[in-house]
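Geometric and topological summary
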Amino acid sequence: MNEQNETFETRMKEAFDESVDKLDGATLSKLNQGRHAALAQLHRPRRQWSRWMPATGAVAAILVAVVMLQTPSAIDDVAAVSTATDMEILLGEDSIEMLEELEFYSWIDIAESEGDVG
Amino acid sequence: MEVNTAVFAVSCAGAPSLGARALQKERQLNQFLAEVERRALRIAEIAVRDRDEALDLVQDAMIKLVRNYSDRSNEEWTPLFYRILQNGVRDWHRRQAVRNRVMVWFGRKPSDDNDYDAIAAAPDPTGRAPDEELQNSEAMQSLEKAVYELPARQREAFMLRTFEGLDVAGTAVAMGCSAGSVKTHYSRAVHALRERLEEHRPEGFAPVEGES
């Protein structure tokens, strides 16, 4: 069986080699051009920054991971505080009155900041 | 101090300069690529059944080898080159599959691999009798079709082992798998090809006397 396989493979190899030998001139010319284009890569200066790409990528990935781990809790804290403050304001006894006098409080705020009051 | 300077001068004179080494490396790469390019083209062409696409794949593999592996030892170039080429062929098939799905989605007929005519793509006869040429072309066409229809990994193993002549270890590097897998894929490929080619019985692959 092994001998049979070897004979069979030898015949296929011969057929393949023959097809390689018969490649036409135009194709060989294209291969030649492709080879020289590839060899021209040897004369191209290597981009220095590409050397730092893996390290930069790793640092960036770590930063993103840290930010992603930290950000949700920070946002949650801020959201919790602001929600509590909003609720206090809305539930406070003075809230309705303050809303009615909104223009007045706004004027006080501006006046205070300009030093006209007090 | 004078002795050290003399030793340094002698060692510099003996070692090739950077420029000479680069030139030598370029010459070796050129020789390697010139040796491998035609077989690589035919291997890629059988895998994708399109000569222009195969030319592009071979050129890409050459560029990547020169750009990324020119400093490796010469013995490593063959399996590395074929590894790059096989990856390119696999990517090409993936892109082709996506393109065909999109074309089907838009109601267009996907490109048919069977449209490829190996006889039409074959070069002009080289001084043979027409019937002999036709017989060989038909045999090669049957072989190409049978190899193309193999599962991808079997096709890779078969072409690298039989057509390129890589050993099991080199084929394993080129395919990115173990030597055991190479042996399995290769054995299955040969078995499948024997069945298919003898089924069609083209003259070029008819069993020889004494073969079952």
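The text that follows walks through the structure, step by step, so that each part is easy to find.

Reading the values: rules and limits
Residues numbered from 1 in each chain as written. Chains lettered and ligands numbered in written order. Predicted model: local features only at pLDDT ≥ 70, side-chain atom pairs only at ≥ 80, totals over all residues. Buried ≥ 20, exposed ≤ 12 C-beta atoms within 10 Å, placed from the backbone. Helix = DSSP H or I, 4+ residues; strand = E, 2+ residues; numbered from the N terminus. Expected span 1.5 Å × (residues − 1). Contact = placed C-beta atoms within 7 Å. Nonpolar A, V, L, I, M, F, W, Y, C, P; charged D, E, K, R; others polar. Core = buried A, V, L, I, M, F, W, Y, C linked by C-beta atoms within 7 Å.

Observations concerning helix H8 (residues 168-175) of chain B
- Within H8(B), the full set of buried residues consists of B:Gly170, B:Thr171, B:Ala172, B:Ala174 and B:Met175.
- Within two residues after H8(B), B:Gly176 carries a phi angle of roughly 70°, on the positive side.

So, helix H3 (residues 51-69) of chain B
- Taking 1.5 Å as the rise per residue, H3(B) with 19 residues should run 27 Å; its terminal C-alpha atoms sit 26 Å apart, in good agreement.
- Of all the positions in H3(B), only B:Ala54, B:Leu57, B:Val58, B:Gln59, B:Ala61, B:Met62, B:Leu65 and B:Val66 are classed as buried.
- Tucked into the core, H3(B) has its buried residues touching helix H2 (25-39) of chain A together with helix H2 (18-48) and helix H4 (74-105) of chain B.

Observations concerning the interface of chain A and chain B
- Contacts between chain A and chain B engage 26 residues on the former and 35 residues on the latter.
- Of all the secondary structure elements, the ones that give two or more residues to the side of chain A that touches chain B are helix H1 (2-21) and H2 of chain A.
- For the side of chain A that touches chain B, the per-class residue count stands at 11 nonpolar, seven polar and eight charged.

With respect to the nonpolar core
- In this structure, B:Ala44, B:Val58 and B:Leu85 are the most contacted members of the largest nonpolar core, which totals 49 residues.
- If you tally residues by element for this core, the top one is H2(B), at 10 residues.

Overview of unusual backbone geometry
- Residue B:Arg49 is not a glycine yet carries a positive backbone phi of 55°.
- Position of B:Arg49 among the secondary structure elements: in the loop between H2 and H3.

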